[in-house]
Amino acid sequence: MELFLHYSLIPSVSEGRGGWRREEKGTLASRVVSLIHRPLDFVGTFRNRWSYGVAFGATANKVMFLFSEGYQPLQVPQWAQAFVLLIGGIEVGLSHFPFFACLSSEFRLVSSILGFSYSLIWFAVTILHITQCPHGQFVGKYETVMFYWPSLLCLAFLLGRFLYMFVKSLRVHLGWELQMEEKPFLEAHQAEHVKQLLRKCPLQEREKSWFQTRIYEWDPYFQFPSRMIGTTVLAFICLYLFIVIEFCMFVYVRDELDVFEGELESYVASMNQTGTLTPVLLQVKELINVTKGVWVVTILPASLTCVSYLFHILACYRKQMKRLWAGDKHFLPLKFHNPSSSESVVAIARYSGWQIAYILWGYLIIHVMQSLCGLVIMYSLVLPVIHSQALEMLRGLGIGILTISIVLGLMVLQVWIAASFFLQPKMGTADKQKPLALNNRRAFHNFNYFLFFYNVLLGLGACLSRLLISCILGTWLIARIDRTILQSGCERADMGFSAWIGMLYVDHYHTNPVLVSFCHILITGHRERRLQQAIKYWYLNQSAGPRTSVRSRTRWLLLQTLINNPGLVTLRKSRPGHGSQDFTQILLICTDSL
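Residues numbered from 1 in each chain as written. Predicted model: local features only at pLDDT ≥ 70, side-chain atom pairs only at ≥ 80, totals over all residues. Heavy atoms only, no water.

### Notes on the overall build of the chain
Counting its regular elements, the chain contains 21 helices and zero strands. Counting every position in the chain, which comprises 594 residues, the buried fraction comes to 34%. Just so you have it, the chain exposes about 37,300 Å², and 66% of that area is on carbon and sulfur atoms. (Helix = DSSP H or I, 4+ residues; strand = E, 2+ residues; numbered from the N terminus. Buried < 20%, exposed > 50% of the residue type's maximum accessible area, 1.4 Å probe, protein only. Areas by Shrake-Rupley, 256 points an atom, 1.4 Å probe, with all protein chains shown as cover.)

Right under this line is the structure:
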């Protein structure tokens, strides 16, 4: 697979070099060469979103190799590893770039043939790799199938997509079906969103279901850009592969621990269970068994937590984008109300990769944290019952609960005393609470003095609880890139959260439906005014009588046709010696200015 990855750069680089050559317009070769001219617009692209997402999903195995730093095309010193990883990332991107180039090209017939062929080659090579090496040393049977079936599924989807593109473009080419319209400047859902803003709000909102109220409500006037869809699909597949890799490592460690347990048992048997280290060794063996069981059990809740985070991030993206469209920035820290433009541009390039890395590392950290919590539960509740120590366990648990209850009760009692004796009465019957005005000042000063020394000891427990809660919440939310885990005032130190905010601002400035609709109105009005002016001059030419030649009238109509259909300019043939080449260049400049 690594060797084929190197050879797959040949068609990618050849297309890239050929994309800059000027060929005769309208020929088949020029269409093949022009594929590379179509950029991958992941900011304002709302069509073929799932195709782009599946194309990203086909790269999941290579992304995991990069993540584990196992793919290094060059052997260099340790200090230059960053450059090697950069080269490896560029190589993986180039090897899969034909998928995206063929999906985004306007020459649907040629791009569908090339995309189908390239996908078929990758599909065949992956099948060949699975059939030659179906098993592995960790999981055993069908280990390679477990790793590569998501990529196979994505490649099969791309094969079907390119086949559909070929059939549809062939029908258009043969005249059996009308040609699809070019990508509009204003998307339909953006226009509907603006129309919804201009409508009057209903007097009574329709009743929502429990799912819409508590979990998610679908909005027909909002669509996620292709970047978010691709990031989510790739994150799901990479998370699955990461879990499989983690399980393989667990199997390897478990086998080593089984060997170690066997040595411990043989040592205890040789000592006839009378050695001084026998109780310690038995406890170590019990710890190993409990840890293995807890680790396996917590795989499911840790994976479900990260999966829920992926869906929740999409919901937060939609909610925060709508708030930005409405001009509401109160949900952002004050330091992010006016972010740097350059940092925002870099942030949108970083977001997708960082989101995937945060999810993977977050899963591992959450898994470790949940395993530690499971060990605490096992040693505090389960193992005492197994060892016939349930009464001691219940006695200790009761004492602990009673101590915490007394501490919390004293804290609540302080609040009740302050509200009952040390605050002046309400000024009005409609007030929800008493005013912040002291009453019984002498009693309050005595209350404050005598509780001072107790609150010092209470503050120690509060400090430890603060540390414990911060650790739990920090590790639990480490995969959430849409919110910072740092305290207020230190948000800029959270690079992931900064990337999220910068990405939101770039999308807000470039896909705001109101702004896009305003620009669409300006462009449409400008074109209509130019068309009316051209029609007026054409009528003047008609009234000029016999002085207007047929050739001039034809060229004038040709000019208007090409202005109204800019896509025909690049397909127009240039004949040397007739001046049409200069005329085409002038038309290209005019259409670019429009």
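Now that the structure has been shown, we can carry on.
### Here we look at the environment of L186
Tracing the backbone through its elements, the reader meets L186 in the loop between α8 (143–173) and α9 (188–198). A relative accessible area of 16% places L186 in the buried class. Sequence separation between L186 and H520 is 334 residues; the distance between their C-alpha atoms is 6.4 Å. Not counting residues up to four positions away in its chain, the partners in contact with L186 are A191, V516, S517 and H520. (Contact = heavy atoms within 4.5 Å.)

### Details of the pattern of salt bridges
If you walk through the whole model with that rule in mind, you get 10 salt bridges. The salt bridge involving R199 is made with E192; its shortest N-O contact spans 4.0 Å. In this structure, D255 engages R254 in a salt bridge whose closest nitrogen and oxygen atoms are separated by 3.9 Å. Under the relative-accessibility criterion, D255 is labelled partly exposed at 38%. R254 sits in the partly exposed class, given a relative accessible area of 31%. One continuous salt-bridge network, built from bridges that share partners, spans E192, K195 and R199. (Salt bridge = Lys/Arg side-chain N within 4 Å of Asp/Glu carboxyl O.)

### Thoughts on the nonpolar core
Proteins that are soluble and globular tend to have nonpolar side chains buried together. Y317 and W500 are the most contacted members of the largest nonpolar core, which totals 67 residues. With residues near it in sequence (within four places) discarded, Y317 still touches F222, F224, P225, R227, M228, W500, M503, L504 and D507. (Core = buried A, V, L, I, M, F, W, Y, C linked by side-chain atoms within 4.5 Å.)

### Quick look at the UniProt feature "transmembrane region" (unreviewed entry) in the chain
Taking the numbering used here, the UniProt-annotated feature "transmembrane region" (unreviewed entry) corresponds to residues 79–102, 109–128, 148–167, 233–253, 294–317, 358–379, 399–423 and 451–478. For residues 399–423, the helix share is 92%, the strand share is 0%, and the end-to-end C-alpha distance is 35 Å. In residues 451–478, the share of helix is 89% and the share of strand is 0%. The end C-alpha atoms are 38 Å apart. (UniProt positions renumbered as here; feature names shortened; annotations may be inferred.)

### A short note on the packing of aromatic side chains
Applying the stated criterion across every chain, the model contains 21 aromatic pairs. Linked through ring pairs, F222, F224, Y317, W325, Y351 and W500 together constitute an aromatic cluster. Sitting over the ring of Y309, R480 keeps its end group 5.7 Å from the ring centre. The aromatic ring of F336 is capped on one face by R492, whose charged end is 5.1 Å from the ring centroid. (Phe/Tyr/Trp six-rings, centres within 6.5 Å; stacked < 30°, edge-to-face > 60°. Lys NZ or Arg CZ within 6 Å of the ring centre and 35° of its normal.)

### A word on empty space enclosed by the protein
All chains considered together, the criterion is met by three cavities of 30 Å³ or more. The computed volume of the largest cavity comes to approximately 100 Å³. Forming the boundary of the largest cavity are 14 residues, of which F46, F222, Q223, W325 and T511 lie nearest the centre. Of all the secondary-structure elements, those providing two or more residues to the lining of the largest cavity are α9, α13 (299–325) and α18 (495–511). Top element by residues in the lining of the largest cavity is α13. It accounts for three residues. Of the residues belonging to the lining of the largest cavity, the class tally is nine nonpolar, four polar and one charged. (1 Å grid on protein atoms, 1.4 Å probe; cavity = no way out; pocket = protein on both sides within 12 Å on 5 of 7 lines; lining within 4 Å. Points joined across faces, edges and corners; volume = space filled by probe spheres on them. Nonpolar A, V, L, I, M, F, W, Y, C, P; charged D, E, K, R; others polar.)

### Structural notes on the confidence of the model for the chain
It should be kept in mind that the predicted coordinates are not to be read in detail where pLDDT is low. In the predicted model, the chain carries a mean pLDDT of 80, and 81% of its residues have values of at least 70. Per-element confidence in the chain ranges from a low mean pLDDT of 45 for helix α3 (residues 28–33) to a high of 92 for α13. Across residues 17–37, where pLDDT falls below 50, the model places 28 contacts with residues more than four positions away in sequence or in other chains. (pLDDT = per-residue confidence, 0-100.)

### Focus: the packing of helix α4 (residues 49–57) against α8
Contact geometry of α4 with α8 gives a least axis separation of 8 Å together with a crossing angle of 140°. In terms of orientation, α4 lies oblique with respect to α8. Between α4 and α8 lies a crossing of left-handed hand. From α4, W50, S51, V54, A55 and G57 reach across to α8, where they touch S151, C154, F157, L158 and R161. Taken together, the residues of the contact of α4 with α8 break down into six nonpolar, three polar and one charged. (Axes fitted to C-alpha atoms, helices over the stretch in contact; angles between N-to-C directions. Parallel < 35°, antiparallel > 145°, perpendicular 65-115°, else oblique. Left-handed = near helix turned anticlockwise from the far one by under 90°.)

### Concerning the environment of V167
Positionally, V167 belongs in helix α8. Considered as a pair, V167 and L109 are 58 residues apart in the sequence and their alpha carbons are 8.4 Å apart.

### Here we look at the packing of helix α12 (residues 278–297) against α13
Any two packed helices are characterised by the angle at which their axes cross and by the distance between the axes. Between α12 and α13, the least distance of the axes is 4 Å, while the angle of their chain directions is 35°. For the pair α12 and α13, contact is made by W295, V296 and V297 and by I299, L300 and P301, respectively. Among the residues making up the contact of α12 with α13, the classes are represented as six nonpolar, no polar and no charged.

### Observations concerning unusual backbone geometry
Of note in this structure, S388 is not a glycine but carries a positive phi near 60°. For S388, a relative accessible area of 66% corresponds to the exposed category. With a phi angle near 55°, N440 is a residue other than glycine that sits in the positive phi range. Here N440 shows up in the loop between α15 (390–421) and α16 (441–450). Under the relative-accessibility criterion, N440 is labelled partly exposed at 40%.

### Here we look at the side chain of R227
Tracing the chain through its elements places R227 in helix α11 (residues 226–270). Since its relative accessible area comes to 5%, R227 is described here as buried. Residues in contact with R227, not counting those within four places in the same chain, are F42, V43, Y317, I348, Y351, S352, M503 and D507.

### As for a nonpolar patch on the surface
Judged by side-chain polarity, I377, L381, V382, I386, L391, L394, L397 and I401 come together as a nonpolar surface patch covering roughly 720 Å² of accessible area. For I401, the position within the fold is in helix α15. (Patch = residues over 30% accessible without salt bridge, like charges linked within 9 Å, V, L, I, M, F, W, Y side chains within 5 Å.)

### Looking at the side chain of S303
With respect to the secondary-structure elements, S303 resides in helix α13. Aside from chain neighbours lying at most four places away, what touches S303 is L239, I243 and Y363.

### Focus on the environment of V194
Position of V194 among the secondary structure elements: in helix α9. Along the primary structure V194 and L515 are separated by 321 residues, whereas in three dimensions their C-alpha atoms are 9.8 Å apart. Those residues in contact with V194 that lie beyond four places of it in its chain are P513, V514 and S517.

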